[in-house]
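Structural features, examined
Chain residues, written in single-letter form:
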Amino acid sequence: MSAAQPLLSNLFDCRDAFASTLERVAEQDERIVIVVNDSVGSSKLGGFRKRWPERAINVGIAEQNMVGVGSGLANGGKIPFVSAASCFLTARALEQIKADVAYTNANVKLVGHSPGVGYGELGPTHHSIEDMAWLRLLPNLVIVAPADPWETARAVEAAASLDGPVFLRISRFSVPQLGRPEGAKFAIGNAETLRQGNDVAIIAYGVMVSRALEAAEALAGAGVQARVINMASIAPLDVAAIRAAADLGAIVTVEEHSVRGGLGGAVAEVVAAYRPCPIRILGFPGFMPTGSAAFLFEKFGLSAAGIQKAAREAIAARQAR
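Residues numbered from 1 in each chain as written. Predicted model: local features only at pLDDT ≥ 70, side-chain atom pairs only at ≥ 80, totals over all residues. Heavy atoms only, no water.

Details of the packing of helix α3 (residues 63-75) against helix α5 (residues 94-102)
Two measures define how a pair of helices packs: the angle their axes make with one another and the distance between the axes. It is at 9 Å that the axes of α3 and α5 come closest, and there the two elements cross at 5°. Relative to α5, the element α3 is oriented roughly parallel. Between α3 and α5, the contacting residues are Gln64, Val67, Gly68 and Ser71 on the first element and Gln96, Ile97, Asp100 and Val101 on the second. The residue makeup of the contact of α3 with α5, split by class, is three nonpolar, four polar and one charged. (Axes fitted to C-alpha atoms, helices over the stretch in contact; angles between N-to-C directions. Helix = DSSP H or I, 4+ residues; strand = E, 2+ residues; numbered from the N terminus. Parallel < 35°, antiparallel > 145°, perpendicular 65-115°, else oblique. Contact = heavy atoms within 4.5 Å. Nonpolar A, V, L, I, M, F, W, Y, C, P; charged D, E, K, R; others polar.)

A word on the sheet that holds strand β4 (residues 79-85)
The strand order across the open sheet formed by seven strands is β3-β2-β4-β5-β7-β6-β12, and the pairing between neighbours is mixed. Since the sheet does not close on itself, it has two edges, and those belong to β3 (56-58) and β12 (233-235), each with one partner. With strand direction ignored, the average angle separating the axes of adjacent strands in the sheet is 20°. Of the pairings in the sheet, the one linking β4 to strand β5 (residues 109-113) comprises five bridges and is parallel in character. The partner of Ala84 across the bridge, within β5, is Gly112. Along the sheet face, helix α7 (residues 149-161) touches β2 (32-36), β4, β5, β6 (142-144) and β7 (166-170) and points at about 165° away from the line of β7. (Pairing = 2+ DSSP bridges.)

Some remarks on the confidence of the model for the protein chain
Residues at a pLDDT of 70 or more form 97% of the protein chain, whose mean pLDDT is 95. Contacts of residues 1-8 to residues separated by more than four positions or lying in other chains number 30 contacts, the stretch itself having pLDDT below 50. (pLDDT = per-residue confidence, 0-100.)

Looking at α3
The terminal C-alpha atoms of α3 lie 18 Å apart, and with 13 residues this matches the ideal 18 Å at 1.5 Å per residue to within 8%. When we look at burial in α3, the residues that qualify are Glu63, Met66, Val67, Gly70, Ser71, Leu73 and Ala74. One face of α3 carries all of its buried residues, which in axial projection span an arc of 160°. Buried residues along α3 sit against β2, β3, β4, α4 (86-92), α5 and β5. In the stretch just after α3, Gly77 is the one whose phi turns positive, near 100°. (Expected span 1.5 Å × (residues − 1). Buried < 20%, exposed > 50% of the residue type's maximum accessible area, 1.4 Å probe, protein only. Arc of directions from axis to C-beta.)

A closer look at the pattern of salt bridges
Applying the stated rule across the entire model yields 17 salt bridges. One salt bridge connects Arg24 with Glu157, and the closest N-O pair in it is separated by 2.7 Å. Taken together, the residues span a long stretch of sequence, with Arg24 in helix α1 (residues 14-28) and Glu157 in helix α7 at a distance of 133 residues. Of the residues examined, Arg24 reaches a relative accessible area of 38% and is grouped as partly exposed. Here Arg180 ties to Glu192 by a salt bridge, and the two come within 2.6 Å at their closest N and O atoms. You can see Arg180 sitting in the loop between β8 (174-176) and β9 (192-195) and its partner Glu192 sitting in strand β9, a full 12 residues away along the chain. Here the two residues Arg180 and Glu192 agree in accessibility, since each one is buried. One continuous salt-bridge network, built from bridges that share partners, spans Asp13, Arg15, Asp16 and Lys44. (Salt bridge = Lys/Arg side-chain N within 4 Å of Asp/Glu carboxyl O.)

Concerning the side chain of Asp131
Relative to the elements of secondary structure, Asp131 occurs in helix α6 (residues 131-135). When its relative accessible area of 0% is taken as the criterion, Asp131 is described as buried. A polar side-chain atom of Asp131 sits 2.7 Å from a polar atom in the side chain of Ser86. Among the polar contacts made by the side chain of Asp131, one reaches the side chain of Ser128 at a distance of 3.2 Å. Beyond its immediate sequence surroundings of up to four residues, Asp131 is in contact with Ser86, Thr90, Pro115, Phe167, Arg169 and His257. (Polar contact = N/O pair within 3.5 Å; in protein donor to acceptor, adjacent residues only side chain to side chain.)

Observations concerning the side chain of Ser83
Among the structural elements, Ser83 can be located in strand β4. Polar contacts involving the side chain of Ser83 include one to the side chain of His113, which spans 3.0 Å. For Ser83, the contacting residues outside a window of four places in its chain are Phe18, Val35, Val36, Asn37, Ser39, Ser43, Leu45, Met66, Val111 and His113.

Side note on the sheet that holds strand β14 (residues 279-284)
In space, the five strands of this open sheet follow the order β9-β11-β10-β13-β14, with mixed pairing throughout. For this open sheet the edge positions go to β9 and β14, each flanked by a neighbour on one side alone. Taken over all neighbouring pairs, the strand axes of this sheet differ in orientation by 25° on average, direction set aside. Along the sheet face, helix α10 (residues 263-274) touches β10 (200-204), β13 (251-258) and β14 and points at about 145° away from the line of β13. Relative to the sheet, helix α12 (residues 304-320) contacts β10, β13 and β14, its axis offset from that of β14 by approximately 155°.

Quick word on unusual backbone geometry
Backbone torsion omega between Ala235 and Pro236 reads 0°, so that peptide bond is classified as cis. Within the fold, Pro236 resides in the loop between β12 and α9 (239-246). The phi dihedral of Lys44 is positive, around 60°, even though this residue is not glycine. Position of Lys44 relative to the elements: it lies in the loop between β2 and α2 (46-51).

Pasting the structure below:
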């Protein structure tokens with residue numbers, strides 16, 4: 001899919017799109033329920049609970065129990081959206097996600113809010129930079145990390161209609177609504193090409209997509225044409241889009257996640273088996289200091305300038321081969 005450039009003047013919280021879309025689909029399907037861990041406010045599900053208190057279950061600070069309850073509800077014919085901060089949902093309840101959701105192929109929708117460093121200036125205990133690496137190992141589990149409100153709404157709709165487990169990674173950071181042509185469609189497993197280019201491919205998801213587009217715009221001013229790919233669907237992965245990027249001979253991956261095991265690792269696995277080429281993987285190297293997200297993004301190169309630098313390095317490495 002090809003799309004126009006993003007509109008950077010207005011910023012939106014994807015949690016608002018998540019909450020409003022969930023209420024809309026819940027109006028049409030009474031099987032939809034929510035299960036939370038005292039996270040009604042941070043998940044922006046207050047409106048849902050007010051409208052359908054009998055369809056809202058708050059288990060308290062008990063994430064393992066929360067996922068187990070969700071699995072039980074799914075076995076009873078409900079469609080539970082199990083919503084919590086991603087750091088607690090995926091770390092504390094990983095065994096339940098593995099055994100009660102993925103292994104049994106339960107119709108549970110896991111929603112990890114405030115991923116990456118979005119929870120606040122609380123350090124590694126509240127950072128969620130390992131969630132994609134953990135979860136993409138699990139069979140049956142669909143993993144989607146939307147980049148803007150439009151894609152968030154489409155992802156919620158797709159998750160609700162899909163019979164099987166899904167993990168939605170919903171950012172806390174405000175992002176621009178990306179410009180798309182009329183009639184644009186979202187499909188799990190399909191990457192979205194937001195900008196064409198044949199010099200280097202920049203592959204990103206979530207909050208990093210708009211930064212990748214900003215970097216590509218700056219690179220174009222210097223005569224470098226970067227292809228920008230929104231890889232919102234981490235599982236299943238759009239292997240064809242990655243192979244087409246490898247054909248360019250230079251790739252940069254960008255994610256609000258560890259450099260190990262996430263999007264960068266997934267892309268590298270495909271490229272290594274298809275057509276090895278220089279890849280620069282941008283993300284966080286490991287446990288990080290306590291600090292603002294802006295500070296951490298800048299320090300570890302998750303900025304338009306950092307992406308530009310990585311793109312130039314990948315191109316130079318290709319030329320040196």
